[in-house]
Amino acid sequence: MKMGVNGGENDELASSTSKMDLEMLQKIFMKGEPNLIIDSYEEEKGSGRGDNYTAALFRLSLEGYTRSQDGTKKARWKRAVICKKLPDCKVNREAFKSEALFRNEVVFYNQILPQFAAFQQSKSTDRSRIFLAVPQCYLAQDDLVMLEDLRVRGFSTPERQAGIGQEQMRATLGELSKFHAVSLAYRLQHPNEFAKLTAKISEGFFAPKNAEWYKKYYAILTRNAIRMVTESIAEKRYLEKFEGFLANIFENMVELVGRESKLAVVCHGDCWTNNILFKYDEDGQITETCLVDFQLIRYGSLALDLAYLIYNFTDSTLRRDNLQSWLRTYHHQLVKSLELLGSLQAICTDEEDLWRQLQDEFKIYARFGLGTSLDMLPISTCSSEEAPDLYASASEAKSTPPEMDIPPNEACQRKMTDILLDLVDGGML
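So, here's what we can say about the structure. The structure displayed is predicted, hence computed values, not measured ones.

1. Re the overall build of the chain
Assigned secondary structure in the chain consists of 13 helices and 11 strands. Here the contacts in the chain between residues at least 6 apart in sequence split such that 77% fall between residues at least 24 apart.

2. Here we look at the environment of Arg 319
Topologically, Arg 319 is positioned in helix α10 (residues 316–341). The spatial distance from the C-alpha of Arg 319 to the C-alpha of Gln 166 is 9.0 Å, given a sequence separation of 153 residues.

3. Points about the environment of Leu 338
As for its placement among the helices and strands, Leu 338 is situated in helix α10. Sequence-wise, Leu 338 and Ser 183 are 155 residues apart; in three dimensions their C-alpha atoms are separated by 9.9 Å. Sequence-distant contacts of Leu 338, defined by excluding residues within four places in its chain, comprise Ala 181, Leu 184, Ala 185, Ser 343, Leu 344, Ile 347 and Leu 354.

4. Some thoughts on the packing of helix α7 (residues 236–247) against helix α13 (residues 410–425)
Taken N-terminus to C-terminus, the directions of α7 and α13 make an angle of 100°; their axes are 10 Å apart at the nearest point. Our classification of the angle between α7 and α13 gives roughly perpendicular. Taking contact as the criterion, the partners of Arg 237, Tyr 238, Lys 241 and Phe 242 in α7 are, on α13, Met 416, Leu 420, Leu 421, Val 424 and Asp 425. Class assignment for the residues of the contact of α7 with α13 results in 6 nonpolar, no polar and 3 charged.

5. Focus: the packing of α7 against helix α8 (residues 249–258)
Their axes nearest at 5 Å, the elements α7 and α8 cross at an angle of 80°. Between α7 and α8, the angle is such that the two are roughly perpendicular. Across the interface between the two elements, Gly 244, Phe 245, Leu 246 and Ala 247 from α7 touch Ile 249, Asn 252 and Met 253 from α8. Among the residues forming the contact of α7 with α8, the class breakdown is 5 nonpolar, 2 polar and no charged.

6. What to know about the packing of aromatic side chains
By the definition in use, this model includes 27 aromatic pairs. Ring geometry for Phe 205 and Phe 206: centres 6.4 Å apart, planes at 50°, overall tilted. One exposure class covers both Phe 205 and Phe 206, and it is buried. The cationic tip of Arg 328 hangs over the ring face of Trp 355; the distance from NZ or CZ to the ring centre is 3.8 Å.

7. Re α13
With 16 residues, α13 extends 22 Å between its outermost C-alpha atoms, agreeing within 8% with the 22 Å of an ideal straight helix rising 1.5 Å per residue. With 12 of 16 residues buried, α13 is to be regarded as a mostly interior element. What α13 keeps buried is the set Cys 412, Gln 413, Lys 415, Met 416, Thr 417, Asp 418, Ile 419, Leu 420, Leu 421, Asp 422, Leu 423 and Val 424. On its buried face, α13 sits against α6 (215–232), α7, α9 (302–312), α10 and α12 (351–381). N-cap assignment for α13: the residue whose side-chain oxygen lies 3.1 Å from the backbone N of Ala 411 is Asn 409. Looking one or two residues past α13, Gly 427 carries a phi angle of roughly 70°, positive in sign.

8. So, unusual backbone geometry
Its identity as a non-glycine residue notwithstanding, Asp 293 has a phi of 65°, on the positive side. Within the secondary structure, Asp 293 is located in the loop between β10 (286–291) and β11 (298–301). For Asp 293, a relative accessible area of 7% gives the class buried.

9. Observations concerning the pattern of salt bridges
Counted according to the given criterion, the structure contains 22 salt bridges. Here Glu 105 ties to Lys 84 by a salt bridge, and the two come within 2.7 Å at their closest N and O atoms. In this pair, Glu 105 is assigned in helix α3 (residues 98–121) and Lys 84 in strand β4 (residues 73–85), connecting sequence segments 21 residues apart. On the basis of relative accessibility, which here comes to 0%, the residue Glu 105 falls in the buried class.

10. Things to note about the environment of Ser 98
With respect to the element layout, Ser 98 can be found in helix α3. Overall, the relative accessible area of 0% leaves Ser 98 in the buried class. Residues Ser 98 and Asp 143, 45 residues apart in the sequence, show an inter-C-alpha distance of 9.8 Å.

11. Describing α9
Counting buried positions over the 11 residues of α9 gives 11, a clear majority of the element. Those residues of α9 that fall on the buried side of the exposure criterion are Leu 302, Ala 303, Leu 304, Asp 305, Leu 306, Ala 307, Tyr 308, Leu 309, Ile 310, Tyr 311 and Asn 312. The residue sitting at the N-terminus of α9 and contributing the capping side-chain oxygen is Ser 301; that oxygen lies 3.0 Å from the backbone nitrogen of Ala 303.

12. Here we look at the pairing of β10
Consecutive side chains of a regular strand alternate in pointing toward one face of the sheet and then the other. Pairing of strand β9 (residues 276–280) with β10, which is carried by 5 bridges, proceeds in the antiparallel orientation. Considered in β10, the bridge of Phe 278 is made with Thr 289. Between β9 and β10, which pair antiparallel and follow one another directly, the connecting turn spans 5 residues, one of which, Gly 284, has a positive phi of 85°.

How each quantity is defined
Residues numbered from 1 in each chain as written. Predicted model: local features only at pLDDT ≥ 70, side-chain atom pairs only at ≥ 80, totals over all residues. Heavy atoms only, no water. Helix = DSSP H or I, 4+ residues; strand = E, 2+ residues; numbered from the N terminus. Contact = heavy atoms within 4.5 Å. Axes fitted to C-alpha atoms, helices over the stretch in contact; angles between N-to-C directions. Parallel < 35°, antiparallel > 145°, perpendicular 65-115°, else oblique. Nonpolar A, V, L, I, M, F, W, Y, C, P; charged D, E, K, R; others polar. Phe/Tyr/Trp six-rings, centres within 6.5 Å; stacked < 30°, edge-to-face > 60°. Buried < 20%, exposed > 50% of the residue type's maximum accessible area, 1.4 Å probe, protein only. Lys NZ or Arg CZ within 6 Å of the ring centre and 35° of its normal. Expected span 1.5 Å × (residues − 1). Polar contact = N/O pair within 3.5 Å; in protein donor to acceptor, adjacent residues only side chain to side chain. Salt bridge = Lys/Arg side-chain N within 4 Å of Asp/Glu carboxyl O. Pairing = 2+ DSSP bridges.

Written as structure tokens, this is what we have:
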């Protein structure tokens, strides 16, 4: 839909639009470009069913011109942005705790990222060696975040149902390691400032106060998971381990995210296919990687991110052949980044000591990947038609806890079973 200086829009439901207008857009972009006039924009949905559950995304293509001091037109101007808003439907907002999650992302862009950036720049001016893998943010406030549309620069996400491949995993681990390294170094060198930042982060899901709210949600997920795995595995030792973990699933997840760790960082929290973008050269090689969606940031072990990413979004055969190699990729970058930032010796005695710490940490937190698979695998493997539609209007007057009863499919069943086998066989469950 296109909107211009005279206003107006088509007859689509209001809940399917960003509700932006030219005056609002003008104010946002004039802060950085005072001679700018925006005269029109086009809008489309920024995600499909099954791609996002805690915010409504829209793509805006803005057009206008910059003018000289005497008011004459100077040059045409274009900008493509992602407009991220709280869902219009109050029921959906409260069901998924969207407002608290949205505040996390606002804190990330307005406070955490600027402090991390300044800290890195004080250590190095070499942009290739520091963490920069985030989109430009134009605005972050309580109900609205506006970011550059990376698609215009040639970035794309992996196909949701296909997961993450070998080279994509290596590229992602490299950037994730840089991000974690900044947290580690900043925490050690500026503990008071770091504590103030993490105090502003709200655990989005696995907090004791949420146990009752998500009780039915996890009851349904647990029922589906046990049914799927029971159909695939006959050996009691696997099923007993699985059912034992699921018997207190929410409490187990709360314990993992709240556990103290020497390797605690600001975690991304939601590293999955829709939140990792890649740019490729003509030969199909990855040249850049970018991380988006920081609503689920949490303060906890860096292994939480690793377990979530590796177990939920890679194929079992690929994982079994490459797990140690992937962890080495992450470790090598972590060493380089901590060395650059001046905190390597404060974390470990030598590189192999850090490798041992990383392996010990991963073994403890690997089960976090299994716990998150209960809802992430049904979401990531289902078709768009089967996924719940966040944009659909809801008529309930009272907010209720979410229900994610997506029909299990063959891919979901296989992937969840493989995670359980890997963890039990690896002594991690």
